[in-house]
Amino acid sequence: MLETIPTPGDTSWFTQDRFGLFIHWGLYAMAARHEWVKCHEAMTDEEYEKYFRHFDPDLYDPRAWARMAREAGMKYFVVTTKHHEGFCLWDSKLTDYKAPNTPAGRDLLRPMVEAFRDEGLRVGFYHSVIDWHHPQYLIDPHTHPQRRHPERQQMNVGRDQGKYAAYLHGQVRELLTEFGPIDILWADYSFATDQPEGKGRDAWQSEKLYAMIRQLQPKIILNDRLDLDEGWDVKTPEQYQPRQWLRVDGRPVVWEACQTFSGSWGYHRDEASWKSPEQLVGMLVDTVSKGGNLLLNVGPTARGEFDARAQERLAAMGRWMKYHGRSIYGCTQAPEGFKTPQDCRLTYNPRTGRLYVHVFAWPTGLLHLDGMAGRVKYAQLLNDGSEIRPGLNHEAIAQRADMGADTLTLRLPVRKPDVLVPVIELFL
Ligand code: GLC
C-alpha cells in the first residue's frame, strides 16, 4: 500500500468517502455562458449589475439538491460561497454584494449547509480568493475583467490590496465560525508573478490566513491553491485525469480530481460536450484506482435547479453506485504486484482484502489476470453477486496456452451485465 505524506488536516474520512459534489452557483448562472463570463466579455461592474438586480432563484430547494447528491453516492459537497465575480451566497456582514440584497432576499448558503448535513454529507466551502468586484482588489493583467483596459494602471491608483486581504480574511473567519464544523476549505486560486498585481501568497497574506484557518478549524481539509509550500492537505488536478497517483517531491499525496459534466463549472445553457454516464462512472473508477477522490460539479440554474442533463447523470451514477459502492468506498489503488488486465481498472479495499476488477470493455468469454493464479478464493460479479468461475474448459486451456502459469483465467458471461461498468469482486 502506498503511504501518503501525512496531512495537517483530518483526511481519514476523505480517503474513505472518495466521491463528492462540487456546486458552482452565483450570478453567472443567469448569463448561462460560463462562470468567467465577466472576464471573458470584459464586463464592467455596471454591466454586470443587471444580474445582481435580477437574481431570483424561486425554485431553489436545497433539500432536493442534497437528496440527489446522496442518491448519487456522494458523501460530501463543496459549494462556492463566493466565486471570482465576488458575489456572496451568505449574509456576510462585510459586504452588500450578497444574496440577501438581490431579489432572492435571503441567505442561500445556510439552508444548503443544513440540508446537506441532514442528508449525512460533509460540508466544504469553495472560496475564491480572486475577487473581480472588490474596490480595493488590484486589477491584474491576467484574470481581471478590466485587464485590457487602457487605463488599468491609473485605475489601480488608490487601491490597496492589503485592505482586500483584510476583507478576505474577515470573510473566511465568518465562514469558519458561523456555520459549525466545516470539513473542507477549497480556496481558489493563486497566480504569483513578480508584478505587484500578481496574486500569490503576498496578495492574499496566505501565511496569516493559513494560521487563522487552522486555529478556527484545526481538522479542516485545505486544498493547495493558496500558494503555500506547506500546510495544504490535498492536491487538486482540474479537468484532467492524472495518469498515476499524484506525487509531490516523489512522494504520494492525498489528491482529488475535480471534473465537470461538461466544459463549464457555472450553468452553461448551450454547452454540448456533456460526458456520458458511462464516462462519468469510468472517471470515478479511474480516480479511485489511482488512490484519489472525485469531486464532480453541478452548475445549478438561475432559478435554483439542477438542470435535466445533470439530474439524469446523477441518477445514472446513483444506480451504479447502489450496486458498486463496495468497489469505491474505502478503496484505493491495488497493491503492487497486481497487474491490471487489458481495458480494466483495479481498486482494492485494504480492510477486507478484496480486489475489484472494473471491466471497461467487455471481452468475449474470458478475462485473463496475469499474476493472479492461486491468489483468489472466490470471484463474483458485484452487480448481482453471481459466481464467476475459473476457465477450465477446452477453450480456456487453448487460449491460455501461450500464457504464464501464473495467469488466472475467468469465464465471463457472454453478455455484458446490464450496468455501466461491470465489476468483478475477487476475494483474496
Ligand atoms: C478554476 C476556475 C474556476 C473553477 C475552478 C474549479 O480555477 O477559475 O472557474 O471554479 O477552477 O477547480
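Just so it is clear, the model here is predicted, and its values are computed rather than measured.

A.B. asks: Would you take a moment to explain the domain arrangement of the chain for this structure?
C.D. replies: How big an interface is tends to be stated in terms of accessible area lost as the parts join. Here the chain is described as being made up of domain 1 (14-327) and domain 2 (344-427). On a C-alpha basis, the centroid separation for the pair domain 1 and domain 2 is 40 Å. Contact with domain 1, which involves 14 residues of that partner, is made by 16 residues of domain 2. Across the interface of domain 1 and domain 2, roughly 1300 Å² is buried in total on both sides, 62% from carbon and sulfur atoms. When the area that domain 1 buries against domain 2 is broken down by residue, the three leading residues are His 324, Arg 326 and Ser 327, summing to 39%. With a closest N to O distance of 2.6 Å, Glu 425 and Arg 326 form a salt bridge. One can count 5 residue pairs in polar contact (both at pLDDT 80 or more) joining domain 1 with domain 2. Those elements that provide at least two residues to the side of domain 1 that touches domain 2 are α11 (277-289) and α12 (308-324). For the side of domain 1 that touches domain 2, the element with the most residues is α11, which contributes 8 residues.

A.B. asks: Sorry if this is basic, but what is going on with the packing of aromatic side chains here?
C.D. replies: The relation between two aromatic rings is expressed through the spacing of the ring centres and the mutual angle of the planes. For the structure shown, the criterion picks out 28 aromatic pairs. When the ring of Trp 25 is compared with that of Tyr 60, the centres are 4.8 Å apart and the planes differ by 40 degrees; the resulting orientation is tilted. Residue Trp 25 is located in the loop between β1 (19-23) and α2 (28-31), and its partner Tyr 60 is located in the loop between α4 (45-54) and α5 (62-72); the two are separated by 35 residues in the primary sequence. Summarising the burial analysis for this pair, Trp 25 and Tyr 60 share the class buried. Ring centres of Tyr 48 and Tyr 51 lie 5.1 Å apart, and the angle between their planes is 80 degrees; this geometry places the pair in the edge-to-face category. Taken together, the residues span about one helical turn, with Tyr 48 and Tyr 51 both in helix α4 at a distance of 3 residues. By relative accessible area, Tyr 48 is classed as buried at 0%. The ring of Phe 179 is capped by Arg 110, whose NZ or CZ atom sits 4.3 Å from the centre of that ring. Geometry around Trp 232 places Lys 235 over its ring, the cationic atom sitting 4.8 Å from the centre.

A.B. asks: What should I look at first to understand the sheet that holds strand β9 (residues 293-298) in this one?
C.D. replies: The strands that make up a sheet are held in pairs by hydrogen bonds between backbone atoms, and each pair lies either parallel or antiparallel. If you trace the 7 strands from one edge of the open sheet to the other, you get β5-β4-β3-β2-β1-β9-β8, paired in parallel fashion. Every interior strand has two partners, whereas the edge strands, β5 (221-222) and β8 (256-260), have only one. Pairing between β1 and strand β2 (residues 76-82): 4 bridges, direction parallel. Residue pairing in the sheet places Gly 20 in a bridge with Tyr 76 of β2.

A.B. asks: Hey, could you run me through the site of the ligand in this one?
C.D. replies: In the region of the ligand, 14 residues are neighbours, and His 24, Glu 35, His 83, His 84 and Glu 238 sit closest. Between an oxygen atom of the ligand and a side-chain N or O atom of Trp 36, the distance comes to 2.9 Å. Contact between the ligand and Tyr 126: an oxygen atom at 3.3 Å from a side-chain N or O atom of the residue. Protein contact buries 95% of the 310 Å² of open area that the ligand shows by itself. Considering only residue class, the shell around the ligand consists of 7 nonpolar, 3 polar and 4 charged.

A.B. asks: Looking at this structure, I do not really get the environment of Ala 187. What am I missing?
C.D. replies: Inspection of the secondary structure puts Ala 187 in strand β4 (residues 184-188). Here the alpha-carbon distance between Ala 187 and Leu 226, two residues 39 residues apart in the chain, equals 6.6 Å. Other than its neighbours up to four places away in sequence, Ala 187 contacts His 127, Val 129, Asn 223, Arg 225 and Leu 226.

A.B. asks: For this particular structure, what's the right way to read the sheet that holds strand β11 (residues 354-359)?
C.D. replies: Strand order in the open sheet made by the 4 strands is β10-β11-β15-β13, with antiparallel pairing throughout. Looking at the sheet topology across the chains shown, the edges are occupied by β10 (344-349) and β13 (378-381). Put simply, the sheet's adjacent strands are angled 20 degrees from each other on average, direction ignored. Direction of pairing for β11 relative to strand β15 (residues 423-427): antiparallel, over a ladder of 5 bridges. Paired with Arg 354 across the two strands is Phe 427, which belongs to β15. Packing of α11 onto the sheet brings it into contact with β10 and β11, and relative to β10 it is tilted by some 55 degrees.

A.B. asks: Is there a simple way to think about the environment of Leu 355 in this case?
C.D. replies: Structurally, Leu 355 can be placed in strand β11. Classification of Leu 355 by relative accessible area gives buried; the value is 1%. For the pair formed by Leu 355 and Ser 327, sequence separation is 28 residues and the distance between their alpha carbons is 8.0 Å. Apart from the residues lying within four places of it in its own chain, the contact partners of Leu 355 are Ala 334, Phe 338, Leu 346, Thr 347, Tyr 348, Met 372, Ile 424, Glu 425, Leu 426 and Leu 428.

A.B. asks: Could you clarify how one ought to interpret the packing of α11 against α12 in this entry?
C.D. replies: Between two packed helices, both the angle of their axes relative to each other and the distance between the axes serve to describe the pair. One way to put it is that α11 packs onto α12 with a least axis distance of 9 Å and a crossing angle of 55 degrees. Taken together, α11 and α12 sit at an angle that is classed as oblique. Crossing of α11 against α12: the hand is right-handed. Across from Pro 277, Leu 280, Val 281, Leu 284 and Val 285 in α11, the residues of α12 making contact are Arg 313, Ala 316, Met 317, Trp 320 and Met 321.

A.B. asks: Got a minute to help me understand the packing of α5 against α12 in this structure?
C.D. replies: Contact geometry for α5 and α12: axes closest at 7 Å, N-to-C directions at 40 degrees. The pairing of α5 with α12 is recorded here as oblique in orientation. On α12, the residues that touch Met 68, Glu 71 and Ala 72 of α5 are Gln 311, Leu 314, Met 317, Gly 318 and Met 321. Across the contact of α5 with α12, the residue classes break down as 5 nonpolar, 2 polar and 1 charged.

The rules behind the values
- Residues numbered from 1 in each chain as written.
- Predicted model: local features only at pLDDT ≥ 70, side-chain atom pairs only at ≥ 80, totals over all residues.
- Heavy atoms only, no water.
- Domains from an automatic or database assignment.
- Contact = heavy atoms within 4.5 Å.
- Buried area = accessible area lost by both parts, 1.4 Å probe.
- Salt bridge = Lys/Arg side-chain N within 4 Å of Asp/Glu carboxyl O.
- Polar contact = N/O pair within 3.5 Å; in protein donor to acceptor, adjacent residues only side chain to side chain.
- Helix = DSSP H or I, 4+ residues; strand = E, 2+ residues; numbered from the N terminus.
- Phe/Tyr/Trp six-rings, centres within 6.5 Å; stacked < 30°, edge-to-face > 60°.
- Buried < 20%, exposed > 50% of the residue type's maximum accessible area, 1.4 Å probe, protein only.
- Lys NZ or Arg CZ within 6 Å of the ring centre and 35° of its normal.
- Pairing = 2+ DSSP bridges.
- Near = heavy atom within 4 Å.
- Areas by Shrake-Rupley, 256 points an atom, 1.4 Å probe, with all protein chains shown as cover.
- Nonpolar A, V, L, I, M, F, W, Y, C, P; charged D, E, K, R; others polar.
- Axes fitted to C-alpha atoms, helices over the stretch in contact; angles between N-to-C directions.
- Parallel < 35°, antiparallel > 145°, perpendicular 65-115°, else oblique.
- Left-handed = near helix turned anticlockwise from the far one by under 90°.

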